[in-house]
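Here are the chains, one letter per residue:
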Amino acid sequence: MTPRVFHLAGPPGSGKRTIGLRLSALTGAVLLDNHLFNDAVFKPYGADGLRPIPGEIHALAAQVRKLGLEAARLAPRDVSQIFTSYLTNRPSGPAALRLVRDLAAARDAQYIPVWLECDIGELERRLPLPERLERAKMRDTGSVCFA
């Protein structure tokens, strides 16, 4: 069986995790939501989705993500995975895409990228919702680039 690596990318509030949970239920693939890695660092820091997160905290999250990707690379052939990413126009955006694509190649897995879009008005409505606080997700519409 060829494993699959799904990569759900889109702006904050576009439903990456929600769709990832449904896709996981349908396919049996493991959901590796970006907050699985980020929260290991963001939660102890006290991230609330409103105040900016300093570069050194993002660097720690990148280290956790690197370890998670290495574990994902070592997964058995019968394990498929679903990753989520908020791709920005900063260098880290395309780099995140490459990391997951390269992981799929290293596993000889089928890579399935999916770009999620959502009306800007709907994104602006979703971002401040209180349930986003639980996972320290972005909630400040002024700090997000929707394009």
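As a starting point, this report considers the structure included with it. On a predicted model such as this, the values are computed, not experimentally measured, just so you know.

## Thoughts on the sheet that holds strand E1 (residues 4-9)
Reading across from one edge, E2-E3-E1-E4 is the order of the four strands in this open sheet, with parallel pairing throughout. Looking at which strands have only one partner, the edges of the open sheet turn out to be strand E2 (30-32) and strand E4 (110-115). Sheet twist, expressed as the average angle between the axes of neighbouring strands with direction ignored, equals 20°. Against the sheet, helix H4 (residues 92-106) makes contact with E1, strand E3 (81-85) and E4, and its axis sits at roughly 170° relative to E1, the strand it touches most.

## Here we look at the packing of helix H3 (residues 55-73) against H4
The interhelical angle for the contact between H3 and H4, taken along N-to-C directions, is 25°, at an axis separation of 9 Å. Classed by the angle they form, the pair H3 and H4 counts as roughly parallel. Viewed along their axes, H3 and H4 form a crossing whose handedness is right-handed. Along the contact surface, H3 presents Leu69, Ala72 and Arg73, while H4 presents Leu99, Leu103 and Ala106. Residues of the contact of H3 with H4, tallied by class, amount to five nonpolar, no polar and one charged.

## Observations concerning the environment of leucine 60
Checked against the element boundaries, leucine 60 lands in helix H3. Overall, the relative accessible area of 40% leaves leucine 60 in the partly exposed class. Placed 18 residues apart in sequence, leucine 60 and phenylalanine 42 show a C-alpha to C-alpha distance of 9.1 Å.

About the criteria used
- Residues numbered from 1 in each chain as written.
- Predicted model: local features only at pLDDT ≥ 70, side-chain atom pairs only at ≥ 80, totals over all residues.
- Heavy atoms only, no water.
- Pairing = 2+ DSSP bridges.
- Helix = DSSP H or I, 4+ residues; strand = E, 2+ residues; numbered from the N terminus.
- Axes fitted to C-alpha atoms, helices over the stretch in contact; angles between N-to-C directions.
- Contact = heavy atoms within 4.5 Å.
- Parallel < 35°, antiparallel > 145°, perpendicular 65-115°, else oblique.
- Left-handed = near helix turned anticlockwise from the far one by under 90°.
- Nonpolar A, V, L, I, M, F, W, Y, C, P; charged D, E, K, R; others polar.
- Buried < 20%, exposed > 50% of the residue type's maximum accessible area, 1.4 Å probe, protein only.

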